[in-house]
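Working through the structure, step by step
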Amino acid sequence: GLVSLLVVTPLGVYFITHWSTTMGRAGQVSILNPAVNGGDLWGTLLRQTWYTARGFFYRGDFIPRHNVPLRPILDPLTSIALLGGLGIALYRARHVPAYGLGLIWLMVMLLPTILAEGAPHMLRGSGVLPTLFFFPALGFVELGRWLRRSWLRRKGWTGLPIALIGGALVIGAFSNLSAYAQHLRSEAVYYNFEAGATELAVEVNRFLGNGWSGSGMRASQDMPVTGRQVYLAPRFWESWVSVRYLCPASEALRVLPDAEPSGPADQVMVALWPYEDAGDVTALLPPDRV
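For the structure given in this document, a descriptive report is provided here. Residue indices begin from 1 for each chain and proceed along its sequence in written order. Totals for whole chains, interfaces and linings use every residue, but because this is a predicted model, local features are given only for residues with pLDDT of at least 70 and side-chain atom pairs only at 80 or more, for both listing and counting. Excluded from the side-chain calculation are hydrogens and water; included are all heavy atoms of the structure.

Things to note about helix α1 (residues 2-17)
In this text, helices come from DSSP runs of H or I with a minimum length of four residues, and strands from runs of E with a minimum of two, each type numbered from the N-terminal end. By this rule, a helix spans an expected 1.5 Å times one less than how many residues it contains. For α1, built from 16 residues, the straight-helix expectation of 22 Å at 1.5 Å per residue is met to within 8% by its first-to-last C-alpha distance of 22 Å. If you look at α1, its biggest bend is around 50 degrees, right at T9, and the proline P10 turns up within four residues after that. For α1, a buried count of zero out of 16 residues is recorded, marking the element as mostly open to its surroundings. Here the bend at a residue is taken as the angle between two axes, fitted respectively to the seven residues that end there and the seven that start there. A simple rule labels every residue: compare its accessible area, found with a 1.4 Å probe on the protein chains alone, to the largest value its type can have, and call it buried under 20%, exposed over 50%, or partly exposed in between.

Remarks on a nonpolar patch on the surface
A grouping of L2, L5, L6, V8, L11, Y14, F15 and I16 is seen on the molecular surface, where their side chains present a nonpolar patch of about 830 Å² in accessible area. Relative to the assigned elements, V8 resides in helix α1. Its relative accessible area of 42% is what places V8 among the partly exposed residues. Candidate patch residues must exceed 30% relative accessible area and have no salt bridge, after which like charges are joined if within 9 Å and Val, Leu, Ile, Met, Phe, Trp or Tyr side chains if within 5 Å. In this description, accessible areas are obtained by the Shrake-Rupley approach with a 1.4 Å probe, and a residue is regarded as covered only by the protein chains that are shown. Each salt bridge in this description consists of a side-chain nitrogen of Lys or Arg and a carboxyl oxygen of Asp or Glu lying within 4 Å of one another.

Regarding the packing of helix α8 (residues 134-149) against helix α10 (residues 160-184)
The description of two helices packed together rests on the angle between their axes and the distance between the axes. Axis lines are fitted through C-alpha atoms, for helices just across the contact stretch, and the angle between N-to-C directions can take any value from 0 to 180 degrees. One can describe the packing of α8 onto α10 by two numbers: an axis separation of 9 Å at closest approach and a directional angle of 155 degrees. The pairing of α8 with α10 is recorded here as roughly antiparallel in orientation. Crossing handedness for the pair α8 and α10: right-handed. Facing α8, whose interface residues are F140, L143, G144, L147 and R148, α10 presents P161, I162, L164, I165, A168 and L169. Among the residues making up the contact of α8 with α10, the classes are represented as nine nonpolar, one polar and one charged. Should an angle lie under 35 degrees it is considered roughly parallel, over 145 roughly antiparallel, and from 65 to 115 roughly perpendicular; all remaining angles are considered oblique. Definitions for this section: a left-handed crossing has its near helix turned counterclockwise from the far helix by less than a right angle. A right-handed crossing has that turn clockwise. A contact between two residues is defined here by any heavy atoms of the two lying within 4.5 Å. Gly falls in the polar group here, along with every residue not listed as nonpolar (Ala, Val, Leu, Ile, Met, Phe, Trp, Tyr, Cys, Pro) or charged (Asp, Glu, Lys, Arg).

Quick look at the pattern of salt bridges
Across all of its chains, the model carries four salt bridges by this definition. Where R92 meets E142, a salt bridge forms, and the shortest distance between an N and an O atom there is 3.0 Å. Taken as a pair, R92 in helix α5 (residues 76-92) and E142 in helix α8 lie far apart in primary sequence, 50 residues in all. Exposure remark for R92: the relative accessible area of 24% places this residue in the partly exposed category. Across the salt bridge formed by E251 and R254, the nearest N and O atoms sit 2.9 Å from each other.

Some words on the side chain of S79
On the secondary structure map, S79 appears in helix α5. Judged by its relative accessible area of 6%, S79 falls in the buried class. In this structure, S79 is in contact with F56, F57 and L74, ignoring residues within four places of it in sequence.

Some words on the packing of aromatic side chains
Here a pair means two rings of Phe, Tyr or Trp (six-membered ring of Trp) with centres within 6.5 Å. Their orientation is stacked below 30 degrees between planes, edge-to-face above 60, and tilted elsewhere. Tallied over the full model, the rule gives six aromatic pairs. Relative to F135, the ring of F134 has its centre 5.2 Å away and its plane inclined at 75 degrees; by these criteria the two rings are edge-to-face. Assessed through its relative accessible area of 39%, F134 is described here as partly exposed. Relative to W273, the ring of F236 lies with its centre 5.9 Å away and its plane at 70 degrees, an arrangement referred to as edge-to-face. Within this pair, whereas F236 is found in helix α13 (residues 234-239), its partner W273 is found in the segment after β3 (267-271), the two being separated by 37 residues in sequence. A relative accessible area of 7% means that F236 is categorised as buried. When its relative accessible area of 24% is taken as the criterion, W273 is described as partly exposed. Through successive ring pairs, a cluster of aromatic residues spans F236, W240, W273 and Y275.

Re the nonpolar core
L200, V204, L208, V230, L232 and L253 are the most contacted members of the largest nonpolar core, which totals 17 residues. Mapped by element, the contributors of at least two residues to this core are α12 (195-208), β1 (228-232), α14 (241-246) and β3. Sorting elements by how many residues they give to this core places α12 first, with six residues. Residue contacts for L200: discarding those within four places in its chain leaves L232, F236, W240, V243, M269 and A271. Formed by 13 residues, the second largest nonpolar core is a distinct cluster that contains L106, I114, V128 and F135. In plain words, nonpolar cores are sets of buried Ala, Val, Leu, Ile, Met, Phe, Trp, Tyr and Cys residues tied together by side-chain atoms within 4.5 Å.

Focus on the sheet that holds β3
Paired strands are those between which DSSP finds at least two bridges. Strand order in this open sheet of three strands is β2-β1-β3, and the pairing throughout is parallel. Of all strands in the sheet, those bounded by a partner on one side alone are β2 (253-255) and β3. Between one strand axis and the next, the sheet turns by 20 degrees as a mean value, whatever way the strands run. The pairing of β1 with β3 spans five bridges and is classified as parallel. Within the sheet, the bridge partner assigned to L232 lies in β3 and is A271. Here α12 sits on the sheet and contacts β1, β2 and β3; the angle it forms with β1, its principal contact strand, is near 160 degrees.

Some points on the environment of A81
Looking at the element boundaries, A81 is found in helix α5. In this structure A81 comes out as buried when scored by relative accessible area, which is 7%. On a C-alpha basis, the gap between A81 and F140 in space is 5.9 Å, while along the polypeptide they are 59 residues apart. Excluding residues that lie within four positions of it along the chain, A81 makes contacts with F135, P136, G139 and F140.

Here it is as structure tokens:
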């Protein structure tokens, strides 16, 4: 605890001395904001709680950056096990504090998504992850024990509970893997994770012969290719931090409207934003080129 306090002290001091910055984003999305609750705070709180709860079973986060849009957190079989596990934990919490701690953790870490617009929000609710899967696991374990004690033992089918639970887990895993494999190839993921910024940076680096070329973990330090010049639209450089991070600073890399080439260029690469006026870029091209 002492080490954690020392580590967090600089950030904590900044938070306290820059309170408007600290609470700026929270004020924008909080259900206490009249623009969010529409004058009905308690109704909004109830709706947010309901939306968050059903996110586990029926309708999840719609933002492609966080989730397969609208896909619930758990598959149907695992969500049933979650309900069973929650009931068991509630019953045992009276005698075993660990179950109570798990329930308190779950409820407290759901508050960031309940108390902010757009529930369920899987990024804001990520604090539940350390304990979330404890409850479905508890439900499956108790189901297996109940099946062993029941008529299955009398029938001699003692291995059936393991087969049933294992089958449920395999079905859930296959369903999730298929959904996320399809999601990762979608245009929504490409846009939300700014894959285009990485691709642009790789093209620039390959063209100039310097920096990360798109494979491996090592950035090349080779001598740049001479006679080449790159011009980028301001939006690419100013809005996409990935481009600034991945492209080494170079006289051969200029941001429009800086139209002064660093020297004679036989080959020029120009990356433009299609929905804004880029000016007279033809003057930047080598002679007799279109």
